[in-house]
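Spelled out from the first residue to the last, the chains are:
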Amino acid sequence: MMTLRRIALACTALAGLLASTPAMAQPAPNRVLRVAPHADLRTLDPVSASIVITRMHGLMIYESLFAWDSSLNPQPQMAGRHEVSADGLTHTITLRNGVRFHDGQPVTSRDVVASLNRWMTRDTVGGKLKEYVTSVDAVDDRTIALRLNRPASFVPFALGSAVGMIPIIMREQEARTDAFRPVTETIGSGPFRFNRGEWRTGARIVYDRNTDYVPRTEPASGLAGGRQVRVDRVEWHIMPDPATAAAALQTGEIDIWEQPAQDLVPTISRSRDIRVERYTGLSNQAMLRPNHLFPPFNDPRARLALAYATDQGDFMAAGFGEERWWRRCGSYYICGSPNGTEVGSEPYATPNLETARRLLAESGYRGERLVLSTSMDIAPIGRMAEVAAANLRRVGFNIDLQIADWGTVTTRQQNRGPVSEGGWNLFVTTASGATMQSPITNIGTNMACDRAWSGWPCDEQAERLRAAVVDAPDDAARRAATEALHRRLAEMQPYRVLGQYDQPYARRANISAVLDAPVMLFWNVEKN
């Protein structure tokens with residue numbers, strides 16, 4: 001519970017934060033949406049990092065050819081027309097009218113070709129699509145042809161992906177940047193412009209309405225449809241202290257708290273001016289991710305030891321409080337989703353510490369120091385990391401829990417070097433249900449070695465089984481292929497599933513029309 005003293009201290013801290021920012025011309029208060037996001041923004045390139053805060057930033061200023069609606073079905077976004085050849089081997093996409101970058105230049109097929117090629121090099125979904133693509137060609141200034149080696153019905157789904165590294169369209173000059181070097185320019189074609197001049201790391205990120213943006217005419221649904229901007233400015237105020245964010249929401253200094261601390265939800269819910277709600281109907285997933293490049297986790301026995309040493313209930317209670325906000329689930333693909341099988345995960349439903357110790361010894365581990373990298377900036381992740389450290393130590397892992405700011409942690413996750421060179425062995429993180437619900441989009445079950453997400457798991461059999469899911473001719477075959485894949489994943493443990501949770505958000509009562517989507521969106525939102 002938040003005491004009056006904590007609120008008073010938080011208000012004092014908030015006043016200091018606001019006083020420290022320079023005075024500037026502001027739109028009318030009802031035209032400025034002030035948000036406390038879950039983390040600070042450090043990486044500006046949504047093709048170089050899969051972290052949620054960078055994806056949220058990317059969706060503010062960029063667009064993609066397609067976009068997922070609220071049912072996760074792809075709909076045209078930048079695409080005006082989409083045609084598939086009779087043999088299924090050529091997808092021809094024509095850009096819709098009025099699509100321009102923030103510098104005033106029209107988006108062309110050359111921008112699209114360079115952007116898609118870069119994205120397919122980095123992303124889980126893009127990498128799967130790349131297996132089918134023989135070329136991406138500019139037919140004319142507004143037309144692109146994707147040529148395939150075999151039919152792939154998931155092309156629009158992939159090109160509208162809202163998970164992992166998203167397939168946003170950049171200007172050609174930025175999109176030709178090496179896929180493993182983050183782009184720092186922020187000129188997109190989306191409904192908001194990034195205000196670099198007012199960006200204050202650790203304090204504030206500002207987006208201005210793109211007055212030249214031409215939205216689609218369809219109603220908004222998820223990320224699809226008309227991206228109607230109903231405010232002049234969106235400000236993200238970085239408030240890592242939950243008490244500060246709670247006080248700011250209660251006093252009206254912010255309008256939305258994207259991820260309120262679970263222990264403060266009862267307090268803020270009592271206010272008649274605040275609403276606490278879910279912004280997506282699909283539960284999220286928490287995971288413990290090992291680094292497969294180095295001992296001991298290059299051996300599947302050590303990864304199985306993680307599963308036997310941990311109890312999902314410990315993690316979920318620590319991270320998300322009351323059980324109404326979480327559930328146990330052994331599915332890599334989200335219980336309650338179309339792919340939510342738990343086949344093969346049954347042995348790990350309850351801990352078995354003796355089995356964990358035996359498997360750890362068989363892996364050749366002899367007590368070497370293992371770095372578990374985490375941050376308290378996102379409180380549930382930090383608390384779950386503390387649980388992980390305690391649980392793993394009791395079966396013989398020598399865990400060095402290292403705490404830093406979230407930006408440092410996510411940057412470190414991309415380091416492929418050993419611990420002695422700034423690398424890592426373990427981290428705890430979370431991912432949206434939309435990301436994890438499909439073998440196509442689940443970043444953690446991509447076991448394609450160097451093309452996999454941080455942790456870089458490598459297993460040819462799992463990748464063959466994942467391809468069988470993608471190529472399945474009907475729903476029955478796809479379900480059977482998914483179960484076969486899931487059994488293999490349970491044996492190989494690309495990561496330890498820690499359970500599922502529903503993340504609420506909190507808003508002032510005068511805020512409305514927040515869309516149901518994989519991440520929080522700020523177009524369509526009204527402030528009355």
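An account of the accompanying structure is given in this report. Quantities reported herein were computed from a predicted structural model and do not represent experimental measurements. Within each chain, residues carry numbers counting from 1 in the order of the written sequence. Only residues with pLDDT of 70 or above have their local features reported here, since the model is predicted, and side-chain atom pairs are shown and tallied only from 80 upward, although totals for entire chains, interfaces and linings are computed over all residues. Side-chain numbers here rest on the full set of heavy atoms in the structure, without hydrogens or water.

Things to note about the sheet that holds strand β4 (residues 79-84)
Then comes step 1: Strand order across the open sheet formed by four strands is β4-β5-β7-β6, with antiparallel pairing between neighbours. A single partner strand is all that each edge strand has here, and the edge strands are β4 and β6 (133-140). If you compare each strand with its neighbour and ignore which way they point, the axes differ by 20 degrees on average.
Then comes step 2: A pair of strands is considered paired only if DSSP assigns at least 2 bridges between the two. Starting at the N terminus, helices and strands are each numbered in turn, a helix being any DSSP run of H or I of at least four residues and a strand any DSSP run of E of at least two. Inspection of the sheet shows β6 paired to strand β7 (residues 143-148) by six bridges, in the antiparallel sense. Paired with V133 across the bridge in β7 is L148.
Then comes step 3: Contact criterion: two residues are considered in contact whenever any of their non-hydrogen atoms come within 4.5 Å of each other. As a rule, the C-alpha atoms of each element are fitted with a line to give its axis, helices using only the stretch in contact, and angles between N-to-C directions run from 0 to 180 degrees. Packing of helix α3 (residues 109-122) onto the sheet brings it into contact with β5 (90-95), β6 and β7, and relative to β6 it is tilted by some 165 degrees.

Quick notes on the packing of aromatic side chains
Each aromatic ring pair is specified by the distance between its two centres and by the angle formed by the two planes.
Then comes step 1: Pairing of aromatic rings covers Phe, Tyr and Trp, the last through its six-membered ring, and needs centres within 6.5 Å; plane angles under 30 degrees mean stacked, over 60 mean edge-to-face, and all others mean tilted. Overall, the coordinates contain 14 aromatic pairs when judged by the stated rule.
Then comes step 2: Pairing F194 with W199 gives two aromatic rings, centres 5.5 Å apart and planes at 70 degrees, and the pair type is edge-to-face. The pair F194 / W199 is uniform in exposure class, with both members buried.
Then comes step 3: Three or more aromatic residues link up through ring pairs in this structure, and these residues are F194, W199, Y207, W236 and F522.
Then comes step 4: One cation-aromatic arrangement involves R150 over Y132; the distance from NZ or CZ to the ring centre is 3.9 Å. With a 1.4 Å probe rolled over the protein chains alone, any residue whose accessible area is under 20% of its type maximum counts as buried; one over 50% counts as exposed, and the rest are partly exposed. Our definition puts a charge over a ring when NZ of Lys or CZ of Arg is within 6 Å of the ring centre and also within 35 degrees of the ring normal.

Regarding the nonpolar core
Side chains of nonpolar character tend, in soluble globular proteins, to be buried together.
Then comes step 1: The definition of a nonpolar core used throughout is a set of buried Ala, Val, Leu, Ile, Met, Phe, Trp, Tyr and Cys residues joined through side-chain atoms within 4.5 Å. Residues L129, L159, Y207, V234, W236 and F522 are the most contacted members of the largest nonpolar core, which totals 87 residues.
Then comes step 2: Of the residues forming this core, the biggest block, six residues, is contributed by α3.
Then comes step 3: Aside from chain neighbours lying at most four places away, what touches Y207 is L41, H57, M60, I61, F192, R193, F194, D232, R233, V234 and W236.
Then comes step 4: One finds F297, A302, Y365 and L498 within the second-largest nonpolar core, a separate group that totals 35 residues.

Observations concerning the state of the cysteines
Then comes step 1: Cysteine sulfur atoms that come within 2.5 Å of each other are treated as a disulfide pair. Enumeration over the complete set of coordinates arrives at two disulfides.
Then comes step 2: Here C329 is linked by a disulfide to C335, with a sulfur-sulfur distance of 2.1 Å. Disulfide C329 to C335: torsion about the S-S bond roughly 90 degrees, handedness right-handed. Note on accessibility: C329 and C335 belong to one class, buried.
Then comes step 3: The cystine pairing of the protein chain, numbering bonded cysteines in sequence order, is 1-2, 3-4.

Considerations on the packing of helix α10 (residues 312-320) against helix α12 (residues 379-393)
Then comes step 1: One way to put it is that α10 packs onto α12 with a least axis distance of 8 Å and a crossing angle of 150 degrees. It follows that α10 is roughly antiparallel to α12 by the angle criterion. Handedness of the α10/α12 crossing: right-handed. Contact with α10, carried on its side by D314, F315, M316, A318, G319 and F320, involves P380, R383, M384, V387, A388 and N391 of α12 and no other residues of that element. Between 65 and 115 degrees an angle is taken as roughly perpendicular, under 35 as roughly parallel, over 145 as roughly antiparallel, and anywhere else as oblique. Crossing handedness is read from the near helix: turned anticlockwise from the far helix by less than a right angle, it gives a left-handed crossing, and turned clockwise, a right-handed one.

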